Amino acid sequence: MRINGLGEEPDSRGAWLQQKHLDYKKQKRRWNSRVMAVRASLLVLFFFFWEAGVRLGWIDELLFSYPTKVFRQIWNDMASGSLWPHLGMTVGETAVGFVLGTLLGTLLAVIIWWSPFLSAVLDPYMVVFNSMPKVALGPIFIVMFGAGFTAIVITTLSITVIITTLVVYNSFRSVDPNLVKVVRSFGASRVQEFNKVILPASFPAVVSTLKVNVGMSWVGVIVGEFLVAKSGLGYLIIYGFQVFNFTLVMSSLLIIAAVATAMYQLVVYVEKLILSRL
């Protein structure tokens, strides 16, 4: 039995395609393994040269400490239990700011897209507000909401909401206008236009905004903790500077980097999971 003059049977053709797919997956796994190996090597080299630089006197130990001392500080704080309340407070504030910032920013983008008049009115204000240094708004939030959890979350929202709104709204505007014209020609309502064309076409950009908001949420929380917190990783950094305990400062920075990386990887996993089902 032959098909299309190719001289191949259907079973052999399917086996060939399956083998090609398996080869591609193996090649992809090898590439990912090389990437991970290089990443790990760069991290090890960073700590090695940091340690060696301090030991050899190339780096000021007072300002930058050194890895073995920093890791000892982290281990001792974990063992004594003093680290966990600070870590829990910062992670909780970041999670709340991340979720609320994403939801409110997306909702605001939908409202602005829905009303072209409102979009024209608010566009310059969003640009101006986005350019304002959020640290300068911190004291205002403290007076309005008190020196505590709420003020820190609001500081975070002042960063994440506007970024989310701008990114999502621009993704709505960049949808192919020909697709919009097609559904309008069939008499689609504004709601149907959004559900059938705008949102599906913009969904990858909306999901990708989650990754941007991870970094923005951490920035907002740490800035807020610098200003008002009595606990949290940002508070530990400020306290370390005040008492010249730079080992505490560096250990707090490393913990922030590790937790933020874990949060980012979680968002990447969720993004892949959602996009694979579209």
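Check the entry above for the structure.
Residues numbered from 1 in each chain as written. Predicted model: local features only at pLDDT ≥ 70, side-chain atom pairs only at ≥ 80, totals over all residues. Heavy atoms only, no water.

A. Focus on the overall build of the chain. Along its length, the chain carries 11 helices and zero strands. Moving toward the C terminus, one meets the helices and strands of the chain in the order α-α-α-α-α-α-α-α-α-α-α. Over its C-alpha trace the chain gives a radius of gyration of 25 Å, far above what one expects of a compact globule, namely 19 Å for 278 residues. Over its C-alpha atoms, taken along the principal directions, the chain stretches across nearly 80 × 55 × 30 Å. Within the chain, the proportion of its 278 residues that are buried is 35%. Nonlocal contacts in the chain, meaning residues at least 24 apart in sequence, comprise 70% of its contacts between residues at least 6 apart. (Helix = DSSP H or I, 4+ residues; strand = E, 2+ residues; numbered from the N terminus. Rg over C-alpha atoms; globule rule 2.2 N^0.38 Å. Buried < 20%, exposed > 50% of the residue type's maximum accessible area, 1.4 Å probe, protein only. Contact = heavy atoms within 4.5 Å.)

B. Highlighting the layout of surface pockets. For the largest pocket, the calculated volume is near 250 Å³. What lines the largest pocket is a set of 15 residues, among which W113, R173, R184, R190 and E193 lie closest to the centre. Within the residue set of the lining of the largest pocket, elements represented by two or more residues are α4 (83–114), α5 (116–131), α7 (149–173), α8 (177–185) and α9 (190–228). Top element by residues in the lining of the largest pocket is α8. It accounts for four residues. (1 Å grid on protein atoms, 1.4 Å probe; cavity = no way out; pocket = protein on both sides within 12 Å on 5 of 7 lines; lining within 4 Å. Points joined across faces, edges and corners; volume = space filled by probe spheres on them.)

C. Structural context of the pattern of salt bridges. One pass over the structure, following the stated rule, counts three salt bridges. R55 serves as the salt-bridge partner of E51, at 2.9 Å between the closest nitrogen and oxygen. With E51 and R55 both in helix α1 (residues 10–55), this residue pair falls four residues apart, about one helical turn. Judged by relative accessible area, E51 falls into the buried class, the value being 14%. Overall, R55 belongs to the exposed group, its relative accessible area being 56%. The residue R190 makes a salt bridge to E193 at a minimum N-O spacing of 3.6 Å. Here the residue R190 and the residue E193 both occupy positions in helix α9, the gap between them amounting to three residues, near one helical turn. For R190, a relative accessible area of 25% puts it in the partly exposed group. One network of salt bridges, in which partners are shared, links R184, R190 and E193. (Salt bridge = Lys/Arg side-chain N within 4 Å of Asp/Glu carboxyl O.)

D. Up close: the packing of helix α10 (residues 233–242) against helix α11 (residues 246–276). One way to put it is that α10 packs onto α11 with a least axis distance of 7 Å and a crossing angle of 160°. One element, α10, and the other, α11, form an angle in the roughly antiparallel class. In the crossing of α10 with α11, the sense of the turn from one axis to the other is left-handed. Facing L233, L236, I237, Y239, G240 and F241 of α10, the residues of α11 in contact are F246, L248, V249, S252, L253, I255 and I256. Residues of the contact of α10 with α11, tallied by class, amount to 11 nonpolar, two polar and no charged. (Axes fitted to C-alpha atoms, helices over the stretch in contact; angles between N-to-C directions. Parallel < 35°, antiparallel > 145°, perpendicular 65-115°, else oblique. Left-handed = near helix turned anticlockwise from the far one by under 90°. Nonpolar A, V, L, I, M, F, W, Y, C, P; charged D, E, K, R; others polar.)

E. Just a nonpolar patch on the surface, in detail. On the surface, V38, L42, L45, F48 and F49 cluster together into a nonpolar patch covering about 530 Å² of accessible area. Relative to the elements of secondary structure, L42 occurs in helix α1. (Patch = residues over 30% accessible without salt bridge, like charges linked within 9 Å, V, L, I, M, F, W, Y side chains within 5 Å. Areas by Shrake-Rupley, 256 points an atom, 1.4 Å probe, with all protein chains shown as cover.)

F. Region of interest: a positive patch on the surface. A surface patch of positive charge is lined by K25, K26, R29, R30 and R34. Relative to the elements of secondary structure, R30 occurs in helix α1. When its relative accessible area of 48% is taken as the criterion, R30 is described as partly exposed. (Lys, Arg positive; Asp, Glu negative; His and termini not counted. Charge placed at Lys NZ, Arg CZ, Asp CG, Glu CD.)

G. Just the packing of aromatic side chains, in detail. If you walk through the whole model with that rule in mind, you get 13 aromatic pairs. Considering the side-chain rings of F47 and F71, the 5.4 Å spacing of their centres and the 55° angle between planes classify their relative orientation as tilted. On the criterion of sequence distance, the pair formed by F47 in helix α1 and F71 in helix α3 (residues 67–80) is long-range, its members being 24 residues apart. Of the residues examined, F71 reaches a relative accessible area of 41% and is grouped as partly exposed. The interplanar angle of 20° and the centroid separation of 6.2 Å between the aromatic rings of Y235 and Y239 together place this pair among those described as stacked. Remark: Y239 and Y235 occur in helix α10; sequence separation between them is four residues, near one turn of the helix. With a relative accessible area of 27%, Y235 lands in the partly exposed category. Sitting above the plane of the Y66 ring, R55 keeps its charged end 4.7 Å from the centroid. (Phe/Tyr/Trp six-rings, centres within 6.5 Å; stacked < 30°, edge-to-face > 60°. Lys NZ or Arg CZ within 6 Å of the ring centre and 35° of its normal.)

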